[in-house]
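A look at the structure
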Amino acid sequence: MKKIMLCCALSLIMTSLCTCSNGKAEAIYSVDGDTVVMATVNLHDTLSYFLSDEEKCYISADLEISYPESYINNEYTERLQRLYAGSVLGVSADSATLATAFPRFMANLLARYSENDGEVSAEEMDAGYEQMSNCKLLVKIYPVYNAYGIVSFCREELSRIDDKLPETRRYYINIDLNKMTKIELSSIIAEDDYDRVTDLLKERLRDDAGAVNDDELVELGYYNFENLTVGDNFYITADSITWNFLPRELSVLEEVQITLAKNEVVLK
């Protein structure tokens, strides 16, 4: 049976938040034209479970989370923090506060990686599947844009499993401060316009890679280029929108980012 060793007690979270507030262990992310004041909290936790009677799997996670500390007044700050908890941390509870959201985010993260390495079938074992015995996670959440009514966060997850090379995956979440809602793809682009924007992304990728045609892109490692489509993993800045594609979504290489100017996209 899997046993979770929780090191992040609620009292520790409260202490960490208070410490961040008085500046003693605070890391402020600043972007020109900031509209939201940010602070940072650091957390560590571990999980272990038995692979066999004698072998255990160990998973450890270190988090560096930048969060909205204040915005306009107490009412708006509370609304923004609850939206942040749900959209950035994925903690879906209307009454969630950051003090409860952080340990829940940590527990969900550890559980996700342990569940991915669950029971292995005999067929998988025969095919050479190897269960992980050690996994180290480093997660950073930070703003990439924070101005003029929009704040965009990056949730960066670096995982190192056993002795394999580490892999980094970045997910972007955008918040409309005026409407106090998460910005979805459908919020900025009409559905009828998805194909046109997808074509623009393909054209820009060819230009960025220096490829004359699609065949050259494939030769450069963009094996899944034909399946490129506009998606929800993007972030917004003052004059552009950048789409992020995770490792192996488009390429045998690392993540791929493609940027379009806002006037090219023609926002809703």
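Relevant structure appears above.
Let us look at the structure shown here. The shown structure was predicted, so the numbers you read here are calculated from the model rather than taken from an experiment.

**Examining the pairing of strand E10 (residues 256-261)**
Of the two faces of E10, the one holding Val256, Ile258 and Leu260 is buried and the one holding Gln257, Thr259 and Ala261 is not buried anywhere. Strand direction decides the pairing type here: strand E9 (residues 240-245) and E10, joined by six bridges, are antiparallel. Bridge pairing in E10 links Phe245 to Val256.

**Looking at the environment of Val218**
Counting through the fold element by element, Val218 comes out in helix H7 (residues 214-219). Taking C-alpha positions, Val218 is 8.6 Å from Ser251, a pair spaced 33 residues apart along the chain.

**A word on the pairing of E9**
A regular strand carries its side chains on alternate faces of the sheet. Counting buried positions over the six residues of E9 gives six, a clear majority of the element. Burial of the side chains of E9 extends over both faces: Ser240, Thr242 and Asn244 are buried on one face and Ile241, Trp243 and Phe245 on the other. Hairpin remark: strand E8 (residues 234-236) followed by E9, antiparallel, with three residues in the connecting loop.

**A look at unusual backbone geometry**
Positive phi, normally seen in glycine, also occurs at Ile72, with a value near 65 degrees. With respect to the secondary-structure elements, Ile72 resides in the loop between strand E3 (56-70) and helix H2 (74-87). Here Arg248, not a glycine, exhibits a phi torsion of approximately 75 degrees, which is positive. Note that Arg248 resides in the loop between E9 and E10. The class of Arg248 is partly exposed, set by a relative accessible area of 48%.

Basis of the calculations
Residues numbered from 1 in each chain as written. Predicted model: local features only at pLDDT ≥ 70, side-chain atom pairs only at ≥ 80, totals over all residues. Heavy atoms only, no water. Buried < 20%, exposed > 50% of the residue type's maximum accessible area, 1.4 Å probe, protein only. Helix = DSSP H or I, 4+ residues; strand = E, 2+ residues; numbered from the N terminus. Pairing = 2+ DSSP bridges.

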